[in-house]
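# Per-entry structural report
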Amino acid sequence: MLATKTQFVCQECGAAQPKWHGRCPSCSAWGSMVEEAQRPAGRRGAAVAGNGGRRPQPLAEVEAVRHDRLPSGIEEFDRVLGGGLVPGSLVLIGGDPGIGKSTLTTMALARLATRQSVLLVCGEESPAQVRMRAERIGGAGRIGVVAETDLEVVCQTLVQEQPAVAVIDSIQTLWANDLSSAPGSVAQVREAAGRLLRVAKEHGITVVLVGHVTKDGTVAGPRVLEHLVDVVLLFEGDRTGDLRVLRAAKNRFGSTAEIGVFEMTATGLAAVGDPSALLGRGDLGGPGSVVACAVEGTRPLLLEVQALVAPSELPMPRRLATGVDRNRLAMILAVLQRHAELPLGSADVFVNVAGGVDVHEPAADLAIALAIASAQRGLPTGPLVAFGEIGLTGRLRAVPQAERRLREAQRLGLTHALAPGGTLGVAGTSLRTAQTVAEAIAVTLPAGP
Ligand SMILES: Nc1ncnc2c1ncn2[C@@H]1O[C@H](COP(=O)(O)OP(=O)(O)OP(=O)(O)O)[C@@H](O)[C@H]1O
Ligand SMILES: [Mg+2]
């Protein structure tokens, strides 16, 4: 009789070890190794005879499969996908709990169901719960629902029903009964994604997997999943606010620069065609508030950067950032202290991008620096849009697409701007330029400390 071999698999990084370790030798995570049954090695390791191979085919002779996309009809969703879902592709949508993943996928299915056959596999909620949501957002009566968590049954159902699009909500609830580990573990998630991938490719079914994000922001722990699927979408936003941003972390069929912006309403997610306009709700230009203009994909986006500088009683003052990369903030703070002589050494600094949006562009540096300087001095900059990259020497670097940024600000009534030297202005906007971050602070916050 063949003894079942087991191995220990890290639930964080997926590394397999023959022995148990308290700390994963590969990613150094503590207590993450779980025993799993090992798959038979097959013919691995056998001598290669060289007569069972396949002949390569010239690429030009490969039958071209036309990717007629399936647009969901939700413009913001389709834009991020690159024009709609590609038949036979595997799409992963990740996001924090309660962010609206099920709402988004149900809405997309409801639209798709008018032209295609669609299937919703719900492992997380009962069909009654799904129905309640569907009724709230409307138009979902045509969606076929299956409440199932057994991977084998799910695959069989897909092959039998042959829907054009299937949503699996969520991948963490599926389990293959030939694996001993619990649902949601690396082995189960990887197995489920692998099997669904095969079904998707063989039968041309577009499979959308909903996945939870772990505390450190990776989808379902295993990075392996991200390599396996064609598209990885991340649904982000401040759960307490209404704004939601959908971005592509990976897309084999389109750009990853585009973002989709939604607002959560009682009737589902409403597209925000003009995200910058949301800013108009706040009181702009007070101390510690500066408007940045980031270009995400093809669209400029105005964002309000807020800062708070307060005396600290801690030996290591706090530096907290929401929506801004921590390392970027540390760099900007160091430049402000060194090159603009801003006394921040014994102050707590908090920076927040209003609306729960993440800014990734260095063009937001100048707005962040100005917001901090304005908060530190307790002086407002007045309504103003600022953009520019800050270098380690304190010099400002011009950023691309200045004209589009200025026009977007102008469209929303911001006619004062600050940008690095060399930036060309547009008619109707009073543009001031500065060579260094110190000069930028001097021209916008004239009174000394
Ligand atoms: N009646 C309602 N009116 C307004 N918003 C609602 C209403 N019901 C739910 N929501 C919003 O929908 C969100 C939940 O959406 P959804 O169930 O799609 O999230 P999810 O990402 O699938 O969550 P989970 O991780 O639990 O599966 C809530 O956090 C809330 O913001
Ligand atoms: Mg859900």
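Residues numbered from 1 in each chain as written. Chains lettered and ligands numbered in written order. Predicted model: local features only at pLDDT ≥ 70, side-chain atom pairs only at ≥ 80, totals over all residues. Heavy atoms only, no water.

Looking now at helix H2 (residues 101-112). Over its 12 residues, H2 runs 16 Å from end to end, which matches the ideal 16 Å to within 8%, given 1.5 Å per residue. H2 sits mainly inside the fold: 11 of its 12 residues count as buried. For H2, the complete set of buried residues consists of Lys101, Ser102, Thr103, Leu104, Thr105, Thr106, Met107, Ala108, Leu109, Ala110 and Leu112. (Helix = DSSP H or I, 4+ residues; strand = E, 2+ residues; numbered from the N terminus. Expected span 1.5 Å × (residues − 1). Buried < 20%, exposed > 50% of the residue type's maximum accessible area, 1.4 Å probe, protein only.)

This part is about the packing of helix H4 (residues 151-161) against helix H5 (residues 186-203). Where H4 contacts H5, the two axes come as close as 10 Å, and the packing angle between them is 10°. In terms of orientation, H4 and H5 fall into the roughly parallel class. Facing Leu151, Glu152, Val154, Cys155, Leu158 and Val159 of H4, the residues of H5 in contact are Glu191, Ala192, Arg195, Leu196, Val199 and His203. In terms of residue class, the contact of H4 with H5 is made up of 8 nonpolar, 1 polar and 3 charged. (Axes fitted to C-alpha atoms, helices over the stretch in contact; angles between N-to-C directions. Parallel < 35°, antiparallel > 145°, perpendicular 65-115°, else oblique. Contact = heavy atoms within 4.5 Å. Nonpolar A, V, L, I, M, F, W, Y, C, P; charged D, E, K, R; others polar.)

One pass over the full model with this rule turns up 1 aromatic pair. Centre to centre, the rings of Phe235 and Phe262 are 6.0 Å apart; their planes meet at 85°, and the pair counts as edge-to-face. Separated by 27 residues along the polypeptide, Phe235 in strand S9 (residues 231-237) and Phe262 in strand S11 (residues 259-265) bring together distant segments of the chain. The class of Phe262 is buried, set by a relative accessible area of 1%. Over the ring of Phe387 we find Arg405; its NZ or CZ atom is 5.7 Å from the centre of that ring. (Phe/Tyr/Trp six-rings, centres within 6.5 Å; stacked < 30°, edge-to-face > 60°. Lys NZ or Arg CZ within 6 Å of the ring centre and 35° of its normal.)

Turning our attention to the site of ligand 1. Residues in contact with ligand 1 amount to 16 residues; listed here are only the nearest, Gly98, Lys101, Ser102, Thr103 and Arg133. Thr103 places a polar side-chain atom, nitrogen or oxygen, 2.5 Å from an oxygen atom of ligand 1. Between an oxygen atom of ligand 1 and a side-chain N or O atom of Glu124, the distance comes to 3.3 Å. Burial of ligand 1 by the protein chains amounts to 66% of its free accessible area of 650 Å². Every element with two or more residues in the shell around ligand 1 is listed here: H2, helix H3 (127-137) and S11. With 3 residues, the single largest contributor to the shell around ligand 1 is H2. (Near = heavy atom within 4 Å. Polar contact = N/O pair within 3.5 Å; in protein donor to acceptor, adjacent residues only side chain to side chain. Areas by Shrake-Rupley, 256 points an atom, 1.4 Å probe, with all protein chains shown as cover.)

Pairing in this open sheet of 7 strands is mixed, and the strands run S15-S16-S14-S13-S17-S20-S21 from one edge to the other. Whereas interior strands pair on both sides, the edge strands pair on one side only; in this sheet they are strand S15 (319-322) and strand S21 (430-434). Pairing of strand S20 (residues 416-420) with S21, which is carried by 5 bridges, proceeds in the parallel orientation. Considered in S21, the bridge of His416 is made with Ser430. The sheet contacts of helix H7 (residues 326-339) involve S15 and strand S16 (347-353), and relative to S15 the element is tilted by about 130°. (Pairing = 2+ DSSP bridges.)

Next up on the list: the environment of Leu342. Locating Leu342 in the fold gives a position in the loop between H7 and S16. Between the alpha carbons of Leu342 and Gln376 there is a distance of 8.0 Å; along the sequence they are 34 residues apart.

Bringing the pattern of salt bridges into the picture now. With the rule as written, the count across this model stands at 15 salt bridges. Across the pair Glu125 and Arg133 runs a salt bridge, and its minimum N-O distance is 2.7 Å. One exposure class covers both Glu125 and Arg133, and it is buried. With its nearest N and O atoms 2.7 Å apart, the salt bridge here joins Arg252 to Asp230. Taken together, the residues span a long stretch of sequence, with Arg252 in the loop between strand S10 (243-251) and S11 and Asp230 in the loop between helix H6 (224-228) and S9 at a distance of 22 residues. Exposure remark for Asp230: the relative accessible area of 3% places this residue in the buried category. Through salt bridges that share partners, Glu75, Glu76 and Arg79 make up one connected network. (Salt bridge = Lys/Arg side-chain N within 4 Å of Asp/Glu carboxyl O.)

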